[in-house]
Amino acid sequence: MVQDMGGQVRIGAGSGFWGDALDPAVELLERGNLDYMSMDYLAELTMALLQRQKLKDPQKGYIPDLPTHMRALLPLANASGTRLVCNGGGANPRAAAERIRELARELGLGGMRIAVVEGDDLLGALDDMLGSGAAFENMDTGETNLAGIRNRIVAANAYTDSSAIQAALAEGADVVIAGRVSDNALYVGPLMHEFGWRYEDAYTDRIAAAITIGHVVECAAATTGGMSSRFDEMPDMGRVGFPIVEFDADGTAVVTKLEGTGGRVDAFTVKEHLTYEIGDPKQYLMPDGIADFTTVRIEEVGKDRVRLSNMTGHPRPERLKLVIGYEDGWVGEGMLFFPWPYALERAEKARETLLQRFERLGLKADQMHFDLVGVDMLHGPASPRPDYDPSEVGLRVAVHTEDRAEAEKVRRACSQLWIMGPGGTSFGAPQKARPVFGLWPTLVSRDLVRQTTDILEA
Amino acid sequence: MPLLRDIAYVRSGDKGDVISVGVIAKSPEDYPTLLRSVTPAAVKALMGDWVKGEVEVHPMDNIEAVVVLMRNALGGGATRTLRLDQTGKALGNGLLRLTVVEEGAGA
């Protein structure tokens, strides 16, 4: 049996992705009475983008918004005694932490302790691992020929657990700047640190509860009314409040938000997010443990208050997820729009004309995709063909090519349709070709990943 | 004929080339109907060649929901797909087009 130390930890969700709003995070620090605020900035694609920025400038590679965010948040966190935990270090946590230390000094916050968490970046170690026989099978496709794309690889980051975050907090960090720790570890770390939980059988369900709660709140507004199917029942979404977790030592928690903010927290907003972007709900695999989402009890216990209990799970997996990002050609795309009457027929004629233009321009594409905007772009084959004459229809084309010049031909062909196309053809600004990153998700042995913690004092 | 839209809510997203869709009964009474209506075969038939891999349906009795996993369903994954809906956020709602299978109907 676990000896409960008692007590409660209050954690706010300060960011759900790179590009999220700052004002709800400011409100959380002003009136949330938080112990911690956790901020997630990374998506699967982000690491490859940030690695490229770091290649161009070794002082970059972290989330560009981070200094702006921290300038607003550091004084408030300092005043309220809230510790900040984020993965905004991206591909360069050390440069980010050095920048934040400088910022703390500028703001007169001398003595503030900024922790750097590193060790997720395996790009430099990849060749050694491949050399010693690591297979790195692609979890999506089953492919094993990683060597075939080796010269195009730009990033390789392991989704690490919260152990280094716990170590940083034990060393008195006021702000933790990590790289590709799992989004979830930003929540599990503070809870394991505060309650003294270890990776032992007795704590497995507690850690699973922390993982579950982390999952429920890590996308911030997504659990307070954002992304909701009941969008029409969500008040003041432009002033939405981000979620707060009140986590008790016994492994139960209440999810809530600040009074007077927009959105809502009810059993449905929590259920909606519990099911979001997961695999088998019996086995939600995270580096800190495995949560079983099929035992959770969800109950409304007040206005904008939902209690989660009976959370269970299994010990942490032996291997960690490793995502390898590589340069994977170019995409060229374009859109044209057509008016009633006969909007659909005009779009179909334009598709035929575009195909002829591609042929004339000698476009070399290895993949081509057409959508009828307003008809089948979002649901594809599941969309019924309209049995009426729609007010307007768009034509979208996207192609994948090996190089940029080929992808740019799409823009040229779409522009040519301004006059070659059916009467009434209208258009927005033509789109530039964009580079593509492929992702190769695989697994890596935990022993090959060593996280480190370093404290920088302002 | 009632559609899944009338008895369920949806939230969807991506994991690599997999689209994951949470389908939640609007009320506990709707849950058995939801379970009858959301089957791998029905989902495959609806989504046609946009879903190239297997479809799995995982029930969550505790919250009256199912998680539908559609494999090789995103044209190579969010970064690589040629679709506008790069993360499958909109495609999940497509499942609400499924026809509801009433009690006692068919197998």
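Computed from a prediction, not measured in an experiment: that's the story for all the values here.

Novice: Give a detailed account of the overall build of chain B, specifying residues and quantitative values.
Specialist: The secondary structure content of chain B amounts to two helices and four strands. Of the regular secondary structure in chain B, the N- to C-terminal order runs β-β-α-α-β-β. At 13 Å, chain B has a C-alpha radius of gyration in line with the 13 Å of a compact globule built from 107 residues. Each of the three principal axes of chain B carries a C-alpha extent, and together these read 40 × 25 × 20 Å. For chain B, the residues scored as buried account for 58% of the 107 residues in total. Considering only contacts in chain B between residues 6 or more positions apart, those separated by 24 or more positions represent 58%. Taken as a whole, chain B presents about 4200 Å² of accessible surface, with 54% of it coming from carbon and sulfur. Computing the positive centroid from 12 side-chain charges and the negative centroid from 13, chain B places the two 9 Å apart.

Novice: How would you explain the environment of A:Pro317 if you had to name every residue and give the values?
Specialist: All names here are of chain A. One can find Pro317 in the loop between strand 13 (312–314) and strand 14 (319–339). Through-space distance from the C-alpha of Pro317 to that of Asp288 is 7.9 Å; in sequence the pair is 29 residues apart. With residues up to four places along the chain from it excluded, the contact list for Pro317 reads Met286, Pro287, Gly289, Ile290 and Arg446.

Novice: Provide a residue-level description of the packing of helix 10 (residues 343–360) of chain A against helix 11 (residues 404–420) of chain A, including the pertinent values.
Specialist: The geometry of a pair of packed helices is captured by two quantities: the angle between their axes and the separation between those axes. Residue and element names in this part refer to chain A. At a minimum axis distance of 10 Å, the contact between helix 10 and helix 11 shows a crossing angle of 130°. Here helix 10 lies oblique to helix 11, going by the angle between them. The chirality of how helix 10 crosses helix 11 is right-handed. Residue-level contacts link Ala350, Thr353, Leu354, Arg357 and Phe358 of helix 10 to Val410, Ala413, Cys414, Gln416, Leu417 and Met420 of helix 11. Here the residues of the contact of helix 10 with helix 11 are counted per class, giving eight nonpolar, two polar and one charged.

Novice: Account for the side chain of A:Asp371, naming residues and giving values.
Specialist: Tracing the sequence through the fold places A:Asp371 in strand 15 (residues 367–373). A:Asp371 gets classed as buried once you look at its relative accessible area, which sits at 1%. A distance of 2.7 Å separates the side chain of A:Asp371 from the side chain of A:Arg396, its partner in a polar contact. Once residues lying within four places of it in the same chain are set aside, the contact partners of A:Asp371 are A:Asp376, A:Met377, A:Gly394, A:Leu395, A:Arg396 and B:Trp50.

Novice: Go over the packing of aromatic side chains with me, naming the residues and quoting the values.
Specialist: Counted under the stated rule, the structure contains six aromatic pairs over all chains. The interplanar angle of 40° and the centroid separation of 6.1 Å between the aromatic rings of A:Phe195 and A:Phe247 together place this pair among those described as tilted. One end of the pair, A:Phe195, is in helix 7 (residues 185–195); the other, A:Phe247, is in strand 7 (residues 244–248), and 52 residues separate them in sequence. Taken as a pair, A:Phe195 and A:Phe247 share a single burial class, namely buried. Note on A:Phe268 and B:Tyr9: the rings are 5.3 Å apart at their centroids and 85° apart in plane angle, and the pair reads as edge-to-face. Pair noted here: A:Phe268 is in helix 9 (residues 267–274) and B:Tyr9 is in strand 1 (residues 8–15), and the two residues belong to different chains.

Novice: I'd love a proper account of the environment of A:Glu327, names of residues and values included.
Specialist: All names here are of chain A. Inspection of the secondary structure assignment puts Glu327 in strand 14. Through-space distance from the C-alpha of Glu327 to that of Arg152 is 5.3 Å; in sequence the pair is 175 residues apart. Those residues within four positions of Glu327 in sequence are excluded, and the remaining contacts are Arg52, Arg152, Val154, Val436 and Phe437. At 3.2 Å, the side chain of Glu327 and the side chain of Arg52 are in polar contact.

Novice: Kindly report on the UniProt feature "domain: Acyclic terpene utilisation N-terminal" (unreviewed entry) in chain A, identifying the contributing residues and their values.
Specialist: Residues annotated in UniProt with the feature "domain: Acyclic terpene utilisation N-terminal" (unreviewed entry) correspond here to residues 9–453 of chain A. Across residues 9–453 of chain A, the secondary structure splits into 29% helix and 26% strand, with the terminal C-alpha atoms separated by 23 Å.

Novice: Can you explain the sheet that holds strand 10 (residues 289–292) of chain A? Please cite residues and give values.
Specialist: Sheets are built from strands that pair by backbone hydrogen bonding, the pairs being arranged parallel or antiparallel. Residue and element names in this part refer to chain A. An order of 9-10-13 is seen for the three strands of this open sheet, with the pairing classed as antiparallel. Edge strands, defined here as strands with exactly one partner in the open sheet, are strand 9 (284–286) and strand 13. Within this sheet the neighbouring strands show an average axis-to-axis angle of 30°, counted without direction. Relative to strand 13, strand 10 runs antiparallel, the two sharing three bridges. Each residue of the ladder has a partner; that of Ile290, found in strand 13, is His314.

Novice: So what's going on with the pattern of salt bridges? Residues and values would help.
Specialist: All names here are of chain A. In the structure shown here, the tally under the stated rule is 39 salt bridges over all chains. Two residues, Arg99 and Glu102, come together in a salt bridge whose shortest N-O distance is 3.4 Å. Of the two residues, Arg99 and Glu102 are both situated in helix 4 (residues 93–106); the distance of three residues between them amounts to about one turn of the helix. Residue class for Arg99 comes out partly exposed when judged on its relative accessible area of 22%.

Novice: For helix 11 of chain A, give the residues involved together with the corresponding values.
Specialist: Residue and element names in this part refer to chain A. Between the first and last C-alpha of helix 11 there are 24 Å, a value that for 17 residues agrees with the 24 Å anticipated at 1.5 Å per step. Restricting attention to buried positions, one finds in helix 11 the residues Glu406, Ala407, Glu408, Lys409, Val410, Ala413, Cys414 and Leu417. Of the surrounding secondary structure, the elements contacted by the buried residues of helix 11 are strand 14, helix 10 and strand 16 (392–401).

Novice: Just give me the short version of the environment of A:Phe338, but keep the residues and values in it.
Specialist: Residue and element names in this part refer to chain A. Considering the arrangement of structural elements, one finds Phe338 in strand 14. Sequence-wise, Phe338 and Ser426 are 88 residues apart; in three dimensions their C-alpha atoms are separated by 6.3 Å. Residues contacting Phe338, with those up to four places away along its chain left out, are Ala343, Arg346, Ala347, Ala350, Ser391, Glu392, Val393, Leu395, Pro422, Gly424 and Thr425.

Novice: Break down the domain arrangement of chain A for me, with residues and values.
Specialist: Residues and elements named next belong to chain A. Annotation of chain A at the domain level lists domain 1 (8–120 + 160–317) and domain 2 (122–158 + 318–449). Centre-to-centre separation of domain 1 and domain 2, based on C-alpha positions: 32 Å. For the pair domain 1 and domain 2, the two sides together bury roughly 1400 Å², of which 56% comes from carbon and sulfur. For the domain 1 face of the interface with domain 2, the top three residues by lost area are Glu44, Arg52 and Pro317, together amounting to 35%. Of the residues that constitute the side of domain 1 that touches domain 2, the class distribution is six nonpolar, three polar and six charged.

Cut-off values and rules
Residues numbered from 1 in each chain as written. Chains lettered and ligands numbered in written order. Predicted model: local features only at pLDDT ≥ 70, side-chain atom pairs only at ≥ 80, totals over all residues. Heavy atoms only, no water. Helix = DSSP H or I, 4+ residues; strand = E, 2+ residues; numbered from the N terminus. Rg over C-alpha atoms; globule rule 2.2 N^0.38 Å. Buried < 20%, exposed > 50% of the residue type's maximum accessible area, 1.4 Å probe, protein only. Contact = heavy atoms within 4.5 Å. Areas by Shrake-Rupley, 256 points an atom, 1.4 Å probe, with all protein chains shown as cover. Lys, Arg positive; Asp, Glu negative; His and termini not counted. Charge placed at Lys NZ, Arg CZ, Asp CG, Glu CD. Axes fitted to C-alpha atoms, helices over the stretch in contact; angles between N-to-C directions. Parallel < 35°, antiparallel > 145°, perpendicular 65-115°, else oblique. Left-handed = near helix turned anticlockwise from the far one by under 90°. Nonpolar A, V, L, I, M, F, W, Y, C, P; charged D, E, K, R; others polar. Polar contact = N/O pair within 3.5 Å; in protein donor to acceptor, adjacent residues only side chain to side chain. Phe/Tyr/Trp six-rings, centres within 6.5 Å; stacked < 30°, edge-to-face > 60°. UniProt positions renumbered as here; feature names shortened; annotations may be inferred. Pairing = 2+ DSSP bridges. Salt bridge = Lys/Arg side-chain N within 4 Å of Asp/Glu carboxyl O. Expected span 1.5 Å × (residues − 1). Domains from an automatic or database assignment. Buried area = accessible area lost by both parts, 1.4 Å probe.

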